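Take a look at the letters that make up each chain.
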Amino acid sequence: NGDNLNDEFTIEGEGIDEYVIKIYDKWGELIFTSNKIDDYWDGTYKDKLVQEGDYAYQVIYTSVSAQPQTLSGYVTVIR
């Protein structure tokens, strides 16, 4: 909502060698992807605000000393 509180969804970590994040809408359409750890999702798709609701995310990463790992969950957009 532009109040500079929780306006972005980002993943943070240390020692990450490779990384990709994907965010999907409730129909399974990919609406955001990035392989840059400092990128963030701002709640938009094709430069328009998405509707309030839950969005699935998947993070696949490799640390410098481990096998590829996958994290998944939901992020809720509230305006």
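Whatever comes next refers back to the structure up there.
Description of the structure in this document.

How each quantity is defined
Residues numbered from 1 in each chain as written. Predicted model: local features only at pLDDT ≥ 70, side-chain atom pairs only at ≥ 80, totals over all residues. Heavy atoms only, no water. Pairing = 2+ DSSP bridges. Helix = DSSP H or I, 4+ residues; strand = E, 2+ residues; numbered from the N terminus. Axes fitted to C-alpha atoms, helices over the stretch in contact; angles between N-to-C directions. 1 Å grid on protein atoms, 1.4 Å probe; cavity = no way out; pocket = protein on both sides within 12 Å on 5 of 7 lines; lining within 4 Å. Points joined across faces, edges and corners; volume = space filled by probe spheres on them. Nonpolar A, V, L, I, M, F, W, Y, C, P; charged D, E, K, R; others polar.

1. Notes on the pairing of strand β6 (residues 69-77)
Consideration 1: Here strand β5 (residues 53-63) pairs with β6 via nine bridges, running antiparallel. Each bridged residue has a counterpart across the sheet, and for I60 the counterpart in β6 is T70.
Consideration 2: Where β5 folds back onto β6 in an antiparallel hairpin, the turn is made up of five residues.

2. A few points about the sheet that holds β6
Sheets are built from strands that pair by backbone hydrogen bonding, the pairs being arranged parallel or antiparallel.
Consideration 1: With respect to topology, four strands assemble into an open sheet ordered β2-β1-β5-β6, the strand pairing being antiparallel. Each edge of the open sheet carries a strand with a single partner, namely β2 (30-34) and β6. The mean angle between the axes of side-by-side strands here comes to 20°, regardless of whether they run parallel or antiparallel.

3. Description of the layout of surface pockets
A probe matching the size of a water molecule, rolled over the atoms, marks out where space remains unfilled.
Consideration 1: Empty space within the second largest pocket amounts to approximately 210 Å³.
Consideration 2: Around the second largest pocket, the lining residues are D25, K26, W27, I31, Y45, V50, Q51, E52, G53, D54 and Y55.
Consideration 3: Residue contributions to the lining of the second largest pocket peak at three residues, all from β5.
Consideration 4: Taken together, the residues of the lining of the second largest pocket break down into five nonpolar, two polar and four charged.

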